Structure formats: C-alpha cells, structure tokens
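# Structural description and commentary
Chain by chain, the residues:
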Amino acid sequence: AFRLSLHRQQILAVLVLSSSVASAYEKPQGYSLGDSSQDHDQVARQLAAANRLGEATESFRAACRYRQTSNSYANLGVALMRNLDFASAHAALTEALRREPSNDHAQENLEVLYDYASRQGIDRKKLQKLGKQTELVLSSGKESAQGSAQKAAERDGAGNSRGTSVSSSSQTASESSGKVSNV
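Residues numbered from 1 in each chain as written. Predicted model: local features only at pLDDT ≥ 70, side-chain atom pairs only at ≥ 80, totals over all residues. Heavy atoms only, no water.

It is worth spelling out the overall build of the protein at this point. Across its full length, the protein carries 8 helices and 0 strands. Going residue by residue from the N terminus, the α and β elements of the protein occur as α-α-α-α-α-α-α-α. For the protein, with 183 residues in total, the buried portion stands at 44%. In the protein, of all internal contacts separated by at least 6 residues, the share reaching a separation of at least 24 is 68%. Surface exposure of the protein reaches about 9,600 Å², of which carbon and sulfur atoms provide 48%. (Helix = DSSP H or I, 4+ residues; strand = E, 2+ residues; numbered from the N terminus. Buried < 20%, exposed > 50% of the residue type's maximum accessible area, 1.4 Å probe, protein only. Contact = heavy atoms within 4.5 Å. Areas by Shrake-Rupley, 256 points an atom, 1.4 Å probe, with all protein chains shown as cover.)

Another aspect to go through is the environment of A56. Within the secondary structure, A56 sits in helix α3 (residues 53-66). Classification of A56 by relative accessible area gives buried; the value is 1%. Separated by 10 residues in the primary sequence, A56 and Q46 have C-alpha atoms spaced 7.8 Å apart. Excluding residues within four positions of it along the chain, A56 makes contact with A44, L47 and A48.

Within this structure, the stated rule accounts for 7 salt bridges. Across the salt bridge formed by E95 and R99, the nearest N and O atoms sit 2.8 Å from each other. Here R99 and E95 lie together in helix α5 (residues 86-99), a separation of 4 residues that amounts to about one turn. Like E95, the residue R99 is buried in the burial classification. The closest approach of N and O atoms between E111 and R124, which form a salt bridge, is 2.9 Å. (Salt bridge = Lys/Arg side-chain N within 4 Å of Asp/Glu carboxyl O.)

In this structure, L76, M81, F86, L113, L127 and L136 are the most contacted members of the largest nonpolar core, which totals 28 residues. Excluding anything up to four places from it in sequence, L127 contacts F86, A87, H90, L113, Y114, A117 and I122. Counting 7 residues, the second largest nonpolar core, distinct from the first, contains Y31, V43, L47 and A50. (Core = buried A, V, L, I, M, F, W, Y, C linked by side-chain atoms within 4.5 Å.)

This part is about unusual backbone geometry. Positive phi outside glycine occurs at N51, with the angle close to 65°. Looking at the element boundaries, N51 is found in the loop between α2 (40-49) and α3. Since its relative accessible area comes to 26%, N51 is described here as partly exposed.

With that settled, consider the packing of helix α4 (residues 70-82) against helix α6 (residues 104-119). Packed helices, taken two at a time, are described by the angle between their axes plus the distance between the axes. For the pair α4 and α6, interaxial distance at closest approach is 10 Å and the crossing angle is 20°. The angle between α4 and α6 places the two elements in the roughly parallel class. The two elements α4 and α6 cross, and the hand of that crossing is left-handed. Residue-level contacts link N71, A74, N75, V78 and M81 of α4 to H105, A106, N109, V112, L113 and Y116 of α6. Residues that form the contact of α4 with α6 fall into these classes: 7 nonpolar, 4 polar and no charged. (Axes fitted to C-alpha atoms, helices over the stretch in contact; angles between N-to-C directions. Parallel < 35°, antiparallel > 145°, perpendicular 65-115°, else oblique. Left-handed = near helix turned anticlockwise from the far one by under 90°. Nonpolar A, V, L, I, M, F, W, Y, C, P; charged D, E, K, R; others polar.)

With that out of the way, let us pick up the packing of aromatic side chains. Each aromatic ring pair is summarised here by two numbers: the centre-to-centre distance and the angle between the ring planes. The full count for this structure, using the stated rule, is 1 aromatic pair. Residues F86 and Y116 carry aromatic rings whose centres are separated by 5.7 Å and whose planes lie at 80° to one another, so their mutual orientation is edge-to-face. Of this pair, F86 sits in helix α5 while Y116 sits in helix α6, and the two are 30 residues apart along the sequence. The residues F86 and Y116 share a single accessibility class, namely buried. (Phe/Tyr/Trp six-rings, centres within 6.5 Å; stacked < 30°, edge-to-face > 60°.)

One full turn of an α-helix is made of 3.6 residues, so residues set three or four places apart face in the same direction. Between its first and last C-alpha atoms α4 spans 19 Å; for 13 residues at 1.5 Å apiece the expected length is 18 Å, and the two agree. The element α4 is largely enclosed, with a buried count of 13 among its 13 residues. (Expected span 1.5 Å × (residues − 1).)

Structure, rendered in structure tokens:
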C-alpha cells in the first residue's frame, strides 16, 4: 500500500506541476488523426511528454477510435485528468477496466483520479455519478466539442443520463504498454 501511495503522490506531482519548457516534438510527416494506420498512442505519448496536452488528448481519442485497447482508454483517461476533465477521465478509465479488468495502469490511475478530484472538492460518489452521465467522445476537434455540448443539453433537457458511449468493435491483438502517468 505504501508503494502505491508513493506512486499516487508522484502522479499527482506530475498533474499539479507543469513543465515550463515544452520539448520541441514534431509529429511524424503526414500524421493525421483520421488515418487508422497511424500509431496514435505513440504520437500522443510524445505530445504529452512535450506538455501539449490538447493535441495529446486528440491523438489518444484517435487511438481509442481505431485500436480500442484497454491501454488506449487508460491513456486517454490520464490525459483527460491532466486537462481537469474529471468526468470524461472517469468514463475513459472505467471503459479501460471494462475492457480489461486486470489493467493495473487503469486501476491505479482511477484511484489517482479519485484522490485528485477529492482535492478539488469532488468526492468519489459524485465523480462516479458524473462519469456515468458522461458520454465519452472519441471524435476530434470541433465535432467533438459540438457533439458533447449537444448531448449534454439533450441529457439535461430530458432529465435522464446516458452511460459511456463507445464503439464496440473488437480489440486488436497488440496492446500499448505506454503509460502517460509516468510522463
């Protein structure tokens, strides 16, 4: 328990402290969020390491759209947490655990999310409720923002909640082993 606690403290330190100097990472020539053959996880990890969290989040969304691995969802959850989008982070991390219940990366980061959110005044039960009401958006850019706003308005207007919405296509055989939380 002490080791995990120390791990959580290290991750929280990464979340709270941002680098003042971002490295000059260049995306691969011809990189496109719409290209299913790209290694979106790798690009996203490099962008996150360069403290380009918005771009990293969009690349993790693309990884989830095309690869749909538990680790892709866990990495998206960490990126969303770093962007302070706790409800979407919860939805992504719980989706990672739904896909692979033994994913320690996702489980540890879900606990980190609960800790971090509680420091922001959001308790575990409230975060779980928010996560369940959040539709996890995997499209990119303007389409993503418009879709989220429209779905939130529909949900609020109808007075009901929606679960996490993700595509149900099959996973690829190879899992990404990178962990954004260590950036």
